Amino acid sequence: MIILASASPRRKEILCGLGVELEVVVADTDEHCEQSDPQQFTEELARRKGLAVYEKLKRERDMSGVAVISADTVVCLDGEILGKPRDKADAERMIRGLSGRAHTVISGVAVTVDGVARSASSVTSVRVARIPEEEIKKYVESGEPMDKAGAYGIQGRFSLWVEGIDGCYFSVVGLPVNTLAELYFEVTGKRLA
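Parameters and conventions
Residues numbered from 1 in each chain as written. Predicted model: local features only at pLDDT ≥ 70, side-chain atom pairs only at ≥ 80, totals over all residues. Heavy atoms only, no water. Axes fitted to C-alpha atoms, helices over the stretch in contact; angles between N-to-C directions. Helix = DSSP H or I, 4+ residues; strand = E, 2+ residues; numbered from the N terminus. Parallel < 35°, antiparallel > 145°, perpendicular 65-115°, else oblique. Left-handed = near helix turned anticlockwise from the far one by under 90°. Contact = heavy atoms within 4.5 Å. Nonpolar A, V, L, I, M, F, W, Y, C, P; charged D, E, K, R; others polar. Buried < 20%, exposed > 50% of the residue type's maximum accessible area, 1.4 Å probe, protein only. Pairing = 2+ DSSP bridges. Salt bridge = Lys/Arg side-chain N within 4 Å of Asp/Glu carboxyl O. 1 Å grid on protein atoms, 1.4 Å probe; cavity = no way out; pocket = protein on both sides within 12 Å on 5 of 7 lines; lining within 4 Å. Points joined across faces, edges and corners; volume = space filled by probe spheres on them. Disulfide = S-S within 2.5 Å. Polar contact = N/O pair within 3.5 Å; in protein donor to acceptor, adjacent residues only side chain to side chain. Phe/Tyr/Trp six-rings, centres within 6.5 Å; stacked < 30°, edge-to-face > 60°.

## Notes on the packing of helix α3 (residues 88–98) against helix α4 (residues 133–141)
Inference 1: Two numbers describe how α3 lies on α4: the axes approach to 10 Å, and their chain directions differ by 135°. Between α3 and α4, the interaxial angle falls into the category oblique. Where α3 crosses over α4, the handedness of that crossing is right-handed. Listed contacts from α4 to K88, A91, E92, I95 and R96 of α3 are E133, I136, K137, Y139, V140 and E141.
Inference 2: Of the residues that constitute the contact of α3 with α4, the class distribution is 5 nonpolar, no polar and 6 charged.

## Notes on the pairing of strand β3 (residues 67–77)
Walk down a regular strand and you will see the side chains alternate between the two sheet faces.
Inference 1: With respect to burial, β3 is a largely interior element, 11 of its 11 residues being buried.
Inference 2: Burial of β3 is two-sided: the residues A67, I69, A71, T73, V75 and L77 facing one way and the residues V68, S70, D72, V74 and C76 facing the other way are all buried.
Inference 3: Judged from the 3 bridges that link them, strand β1 (residues 2–4) and β3 form a sheet pairing that is parallel. The residue of β3 that forms the bridge with I2 is A67.
Inference 4: The pairing of β3 with strand β5 (residues 102–113) spans 10 bridges and is antiparallel.

## Some thoughts on the pattern of salt bridges
Where side chains of opposite charge bring their charged atoms close, a pairing between them can arise.
Inference 1: Counted by the stated rule, this structure contains 18 salt bridges.
Inference 2: The partner of R96 in a salt bridge is E92, with the nearest N and O atoms 2.9 Å apart. With R96 and E92 both in helix α3 and 4 residues apart, this pair spans about one turn of that helix.
Inference 3: Given a relative accessible area of 36%, R96 falls into the partly exposed group.

## Section: the layout of surface pockets
Inference 1: Here the largest pocket is characterised by a volume of approximately 650 Å³.
Inference 2: R11, K49, D72, K84 and D147 are, among the 32 residues lining the largest pocket, the residues nearest its centre.
Inference 3: Per-element accounting of the lining of the largest pocket gives the leading share, 5 residues, to β3.
Inference 4: Of the residues in the lining of the largest pocket, the class split is 15 nonpolar, 8 polar and 9 charged.

## Re the state of the cysteines
Inference 1: Inspection of every chain in the model, using the stated rule, returns 0 disulfides.
Inference 2: With no disulfide of its own, C16 lies closest to C168 among cysteine sulfurs, the gap being 18 Å.
Inference 3: For C16, a relative accessible area of 40% gives the class partly exposed.

## Focus: α3
Inference 1: Taken together, the buried positions of α3 are occupied by D90, A91, E92, M94, I95 and L98.
Inference 2: Contacts from the buried residues of α3 go to β3, β4 (80–82), β5, β6 (116–128) and α4.
Inference 3: Structurally, the start of α3 carries an N-cap: the backbone nitrogen of A89 is 3.2 Å from a side-chain oxygen of D87.

## Quick look at the environment of V105
Inference 1: Within the fold, V105 resides in strand β5.
Inference 2: V105 gets classed as buried once you look at its relative accessible area, which sits at 1%.
Inference 3: In sequence terms V105 and L183 are 78 residues apart; their C-alpha atoms lie 19 Å from each other.
Inference 4: Apart from the residues within four sequence positions on either side, V105 is in contact with T73, V74, V75, S122, V123, T124, V126, Y152, S171 and V172.

## A short note on the packing of aromatic side chains
Inference 1: Summed over the entire model, instances satisfying the criterion amount to 5 aromatic pairs.
Inference 2: Between Y152 and F158, the aromatic rings sit 4.2 Å apart at their centres with planes inclined by 25°, giving stacked as the arrangement.
Inference 3: Between F158 and W161, the ring centres sit 5.7 Å apart and the planes meet at 75°, which makes this aromatic pair edge-to-face.
Inference 4: Residue classification places F158 among the buried positions, given a relative accessible area of 0%.
Inference 5: W161 gets classed as buried once you look at its relative accessible area, which sits at 11%.
Inference 6: Through a chain of ring-to-ring contacts, the aromatic side chains of Y139, Y152, F158 and W161 assemble into a single cluster.

Written out as structure tokens, the structure is:
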């Protein structure tokens, strides 16, 4: 049995696309973190989410051997960790910063079994073309960037401006499949799919 500790439809879609049978249970955790290193930041939040869901479900059912998969993704630009935008103005600020430049996307994943969470992360560089100001405003008005780290989703409208990536595409979407598969095998001794 696998539990996905995430409300992200993209993460669920990725796992279901691999043929993974899962149950979704949303993690209710504080996403404030003192870590300044983006890899440690995402891994810490991924572990927290997995442990929160494990502890919640443990009170309701037997969780012996059940694997909880959790993840967190951030966008980094000039040393600043860009999470989800607070509002439209913040989304515009983020997109302007990404326009015409390369940035880094870090996705941390965790697998929690029997109350022990182990984590790993994936780092991908993304090159973005220059985005005209009117297109930035139009993109933000679409609402698409409002629930995404760095105010964009590579699989959506923003793909028009992605010139290339160096690393894992799925990490940019929010769930680095290869990193997760390796971690899942290390923790459970089983293949993910």
